[in-house]
Amino acid sequence: MDLIALLKSQFLCHLIFCYVFIASGLIINTLQLFTLLLWPINKQLFRKINCRLSYCISSQLVMLLEWWSGSECIIHTDPRAYPKYGKENAIVVLNHKFEIDFLCGWSLAERFGVLGGSKVLAKKELAYVPIIGWMWYFTEMVFCTRKWEQDRKTVSESLLHLRDYPEKYFFLIHCEGTRFTEKKHQISMQVAQAKGLPSLKHHLLPRTKGFAITVRSLRNVVSAVYDCTLNFRNNENPTLLGVLNGKKYHADLYVRRIPLGEVPEDEDRCAAWLHKLYQEKDALQEEYSRTGTFPGTPMVPPRRPWTLVNWLFWASLLLYPFFRFLVNVVRSGSSLTLASFVLVFFMASMGVRWMIGVTEIDKGSAYGNMDSKQKKHSD
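Residues numbered from 1 in each chain as written. Predicted model: local features only at pLDDT ≥ 70, side-chain atom pairs only at ≥ 80, totals over all residues. Heavy atoms only, no water.

The name that an unreviewed UniProt entry assigns to the protein chain is 1-acyl-sn-glycerol-3-phosphate acyltransferase delta, with the source organism given as Phocoena sinus. Entered under Function (unreviewed entry) in the UniProt record, the comment concerning the protein chain runs "Converts 1-acyl-sn-glycerol-3-phosphate (lysophosphatidic acid or LPA) into 1,2-diacyl-sn-glycerol-3-phosphate (phosphatidic acid or PA) by incorporating an acyl moiety at the sn-2 position of the glycerol backbone. Exhibits high acyl-CoA specificity for polyunsaturated fatty acyl-CoA, especially docosahexaenoyl-CoA (22:6-CoA, DHA-CoA)." Under Subcellular location (unreviewed entry), UniProt gives the following word-for-word description of the protein chain: "Endoplasmic reticulum membrane". (UniProt positions renumbered as here; feature names shortened; annotations may be inferred.)

So, in C-alpha cells, the structure goes:
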C-alpha cells in the first residue's frame, strides 16, 4: 500500500470529511430556512438560490467519488445525442445493483452541470433527516409514502409544481425501487411469472406506477428519458466505505436517449413500455457480462473542478476553528474530555454513513421493497 492510499484509509481523514459535511450542511440548512422569506415574494429566485445551496451539500459526496477515490466512469452513448445532455430536462432511469448507484447518478448530473437542480422520488420520512433530507425539502424533491392510494394525488401535485422550475434538471429514478439481491430477485421473478412477464436475469421487475405518473406529469417539460445501465469492470463491488477509503473504481455506463414522445401516455401502455425497456436493459447487462463492454461510442465527460473547489472552501472555513478547538482540548490534559470528543465525532461519522445509506436505500422509485407481503399488491 503506497503512502497516499495509506493516508486515505486513516480515520482522521474520514473524521475531517464528516466534520466538514456535518458543519457545512447544518449551516446551509440554516441559510435555506431563511430563504423561505423569498418564497411569497419571488418564488423563482428562491428556487435558484436553493439549487446552489443544494449543490454545496451534494457536491461534497460527488467530490469523494471523483477526486478523493479517483473513480472513473466511461459513458457509452450515441455521439448525436451526447451534445444534448445537460441542455435539457430528462428523466434518468438507473438500474439498482450497486451500493453507489445513486452517487454515480449524481456524478452523471454533475458532469453535465445539472446536479444542483436534479430531483429524485424519495420516501417521505427522508424529509426529516438533517442535512440531505432538509436540503431536499427546500429543493422541492418529490416525496412519497409508498402507499399508492395516498401518493397518487400528492406525487402528481409535486411533479406538476416542477413544470415551471427555472433550472435544468435530471429526474433520477430507480424503477426497481430497491437494490438487487438474490432473494429479492427470486421473489420478483415469481411475480413476473404470475403476471406472464418475461424473466429478468440482472434486474428486478420494474415498478411502473411511479414512472408512469412522472412521465405524464412532466410531459412537454422533460424532453427525453435517459436509459442508463451501470456496471463495473473486473467484477468490482463498490461500496460507500470503499469510496471513503479512497478506493478507485472503474465504471461503464450505457446511456440511451429516448425522446419522451416515444413513451406512451396511457398508464397501461406506459407500463408495458417500461417492462420492455427493462428486458432490453437485461440483454445489455448479459452482453456486458460476456464482452466486458457496452455498445455505443465510449466517451468521458470532463471532470469539473467545482465539487473540489466547493469542498476546499468549506474546509478552509471550518477546519481552522476545529483544529484550534482540538488543540485546546489536548492542552487541557483531560483524558475524559479528549475521549468524549473522539467518541462524539466517531458517532457523528457513523451517523453520516447511516444517513447516506438510508438515503441510498429509500430514494429512487416509489413502492419499492419487494417482499412477500407486497407480492399481492405488485404494480
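K.L.:
Describe the overall build of the protein chain, naming the residues involved and giving the relevant values.
P.N.:
Secondary structure summary: the protein chain contains 12 helices and nine strands in total. At a minimum sequence separation of 6, the contacts of the protein chain that also span at least 24 residues come to 81%. When the accessible area of the protein chain is evaluated, it comes to approximately 17,300 Å², of which 61% is carbon and sulfur surface. (Helix = DSSP H or I, 4+ residues; strand = E, 2+ residues; numbered from the N terminus. Contact = heavy atoms within 4.5 Å. Areas by Shrake-Rupley, 256 points an atom, 1.4 Å probe, with all protein chains shown as cover.)

K.L.:
Give a detailed account of the packing of helix α2 (residues 11–35) against helix α3 (residues 43–68), specifying residues and quantitative values.
P.N.:
It is the contact of α2 with α3, at a shortest axis distance of 9 Å, that shows an interaxial angle of 170 degrees. One way to sum up the angle between α2 and α3 is to call them roughly antiparallel. Residues Cys13, Phe17, Val20, Phe21, Ser24, Gly25, Ile28, Asn29, Leu31, Gln32 and Thr35 of α2 lie in contact with α3, whose contacting residues are Phe46, Ile49, Asn50, Leu53, Ser54, Cys56, Ile57, Gln60, Leu61, Met63, Leu64 and Trp68. Among the residues forming the contact of α2 with α3, the class breakdown is 15 nonpolar, eight polar and no charged. (Axes fitted to C-alpha atoms, helices over the stretch in contact; angles between N-to-C directions. Parallel < 35°, antiparallel > 145°, perpendicular 65-115°, else oblique. Nonpolar A, V, L, I, M, F, W, Y, C, P; charged D, E, K, R; others polar.)

K.L.:
Requested: an account of the side chain of serine 217, with residues and values cited.
P.N.:
Note on placement: serine 217 falls in helix α8 (residues 208–218). Owing to a relative accessible area of 4%, serine 217 belongs among the buried residues under this scheme. Apart from residues lying up to four places away in sequence, serine 217 is in contact with Ser156, Leu159, Leu160 and Arg163. (Buried < 20%, exposed > 50% of the residue type's maximum accessible area, 1.4 Å probe, protein only.)

K.L.:
Describe in detail the pairing of strand β3 (residues 119–123), supporting the description with residues and values.
P.N.:
Counting buried residues along β3, four of its five residues qualify, which places the element largely inside the surrounding structure. Bridging between β3 and strand β5 (residues 170–173) involves two bridges; their strand directions are parallel. Residue lysine 119 lies in a different strand from β5, and its bridge partner there is phenylalanine 171. Each parallel crossover has a hand, and the one from β3 via helix α5 (residues 132–138) to strand β4 (residues 142–144) is right-handed. (Pairing = 2+ DSSP bridges. Right-handed = clockwise from strand over helix to strand, strands pointing away.)

K.L.:
Break down helix α4 (residues 101–111) for me, with residues and values.
P.N.:
Taking burial as the measure, the 11 residues of α4 include 11 buried ones, the bulk of the element. Of the residues making up α4, those classed as buried are Asp101, Phe102, Leu103, Cys104, Gly105, Trp106, Ser107, Leu108, Ala109, Glu110 and Arg111.

K.L.:
Kindly report on helix α7 (residues 182–194), identifying the contributing residues and their values.
P.N.:
End to end, α7 covers 18 Å across 13 residues, agreeing with the expected 18 Å (1.5 Å per residue, within 8%). Every buried residue of α7 is accounted for by His185, Ile187, Ser188, Met189, Val191 and Ala192. Glycine 196, located one to two residues past α7, shows a positive phi value of around 70 degrees. (Expected span 1.5 Å × (residues − 1).)

K.L.:
Give a detailed account of the side chain of glutamate 66, specifying residues and quantitative values.
P.N.:
Inspection of the secondary structure puts glutamate 66 in helix α3. The buried category is assigned to glutamate 66, whose relative accessible area is 1%. A polar contact of 2.6 Å, which involves the side chain of glutamate 66, links it to the side chain of serine 107. Each residue touching glutamate 66, except ones within four places of it in the same chain, is listed here: Ser71, Ser107, Glu110, Arg111, Arg303 and Thr307. (Polar contact = N/O pair within 3.5 Å; in protein donor to acceptor, adjacent residues only side chain to side chain.)

K.L.:
Residues and numbers for unusual backbone geometry, please.
P.N.:
A positive phi is found at asparagine 234, a non-glycine position, where the angle reads about 60 degrees. Relative to the helices and strands, asparagine 234 is located in the loop between β6 (224–232) and α9 (240–244). In this model, asparagine 235 sits at a positive phi of 55 degrees, which is unusual for a non-glycine residue. Within the fold, asparagine 235 resides in the loop between β6 and α9. Owing to a relative accessible area of 78%, asparagine 235 belongs among the exposed residues under this scheme.

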